[in-house]
Amino acid sequence: MSANNKLGLISICRKAGKLVMGMDMVKDACNTGTAKAVFAASDFSPKSLKEVKFACARNGVKLYALGLTMDEIGAGLGKRTGALAMTDGGFAKSCAKGLEEIEIDENEFYGNI
């Protein structure tokens, strides 16, 4: 699926009211169990990515590399963001198709206690 197709799917998901955008809202969606999958922009900062990874790991939500930059997401959705969560299983599954799942290593969070 091309980047334009992904943006199209994300846009439809948004119109259906099944898309959560922005770091805090994505973390909330993970914590409340509404997020079915989370997608990160390719130029998301490592610190922000780690926060999202933690929320996903704690709540058993899969995290995927979207393969789009924050600017590309912004151009497609009208809002520049580095993290998106889908709250509908069907949309999440379709969007995740062909994307690389970001490995979450629990030791990354608890290694330095």
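For the structure itself, consult the block above.
None of these values were measured; they are calculated from a predicted model.

Novice: Explain the overall build of the protein here, please?
Specialist: Counting secondary structure elements, the protein contains six helices and five strands. Ordering the α and β elements of the protein from the N terminus gives α-β-α-β-α-β-α-β-α-β-α. Against the 2.2 N^0.38 benchmark of 13 Å for 113 residues, the protein shows a C-alpha radius of gyration of 13 Å, consistent with a compact globule. Taken along its principal axes, the extent of the C-alpha atoms in the protein is 45 × 25 × 25 Å. When each of the 113 residues of the protein is scored for burial, the buried share is 45%. When contacts within the protein are restricted to residue pairs at least 6 apart in sequence, those whose partners lie at least 24 apart make up 82%.

Novice: When you look at the sheet that holds strand E2 (residues 37-40) in this model, what are you seeing that I'm missing?
Specialist: Taken in spatial order, the five strands make up an open sheet running E1-E4-E2-E3-E5, and their pairing is mixed. Edge positions in the sheet fall to strand E1 (19-21) and strand E5 (100-101), since each of these pairs with one other strand and no more. By the bridge criterion, four bridges tie E2 to strand E3 (residues 62-65) in an arrangement that is parallel. Bridge pairing in E3 links Ala37 to Lys62. Relative to E1, helix H1 (residues 3-15) is tilted by about 100°, and along the sheet it contacts E1 and strand E4 (83-86).

Novice: Is there a simple way to explain the pairing of E2 in this structure?
Specialist: Remember that side chains alternate between the two faces of the sheet whenever the strand is regular. Of the two faces of E2, the one holding Ala37 and Phe39 and the one holding Val38 and Ala40 are both buried throughout. Handedness of the crossover is the feature at issue here: the chain leaves E2, passes through helix H3 (residues 46-59), returns alongside E3, and the resulting connection is right-handed.

Novice: How do you make sense of the packing of helix H2 (residues 23-31) against H3 when you look at a structure like this?
Specialist: Working note: a packed helix pair is described by the angle between its axes plus the distance between those axes. Running from N to C, H2 and H3 cross one another at 15°; their axes reach a closest spacing of 8 Å. Relative to H3, the element H2 lies roughly parallel. Relative to H3, the crossing made by H2 is left-handed. Along the contact surface, H2 presents Met23, Lys27, Cys30 and Asn31, while H3 presents Ser48, Glu51, Val52, Ala55, Cys56, Arg58 and Asn59.

Novice: Could you clarify how one ought to interpret the pattern of salt bridges in this entry?
Specialist: The final tally for this structure, using the stated rule, is four salt bridges. We note a salt bridge from Glu51 to Lys47, for which the minimum N-O separation is 3.1 Å. Placement of both Glu51 and Lys47 in helix H3 is noted, with a separation of four residues, approximately one turn of the helix. We note a salt bridge from Asp71 to Arg80, for which the minimum N-O separation is 2.6 Å. Via salt bridges that share partners, Lys27, Lys47 and Glu51 belong to a single interconnected network.

Criteria and thresholds
- Residues numbered from 1 in each chain as written.
- Predicted model: local features only at pLDDT ≥ 70, side-chain atom pairs only at ≥ 80, totals over all residues.
- Heavy atoms only, no water.
- Helix = DSSP H or I, 4+ residues; strand = E, 2+ residues; numbered from the N terminus.
- Rg over C-alpha atoms; globule rule 2.2 N^0.38 Å.
- Buried < 20%, exposed > 50% of the residue type's maximum accessible area, 1.4 Å probe, protein only.
- Contact = heavy atoms within 4.5 Å.
- Pairing = 2+ DSSP bridges.
- Axes fitted to C-alpha atoms, helices over the stretch in contact; angles between N-to-C directions.
- Right-handed = clockwise from strand over helix to strand, strands pointing away.
- Parallel < 35°, antiparallel > 145°, perpendicular 65-115°, else oblique.
- Left-handed = near helix turned anticlockwise from the far one by under 90°.
- Salt bridge = Lys/Arg side-chain N within 4 Å of Asp/Glu carboxyl O.

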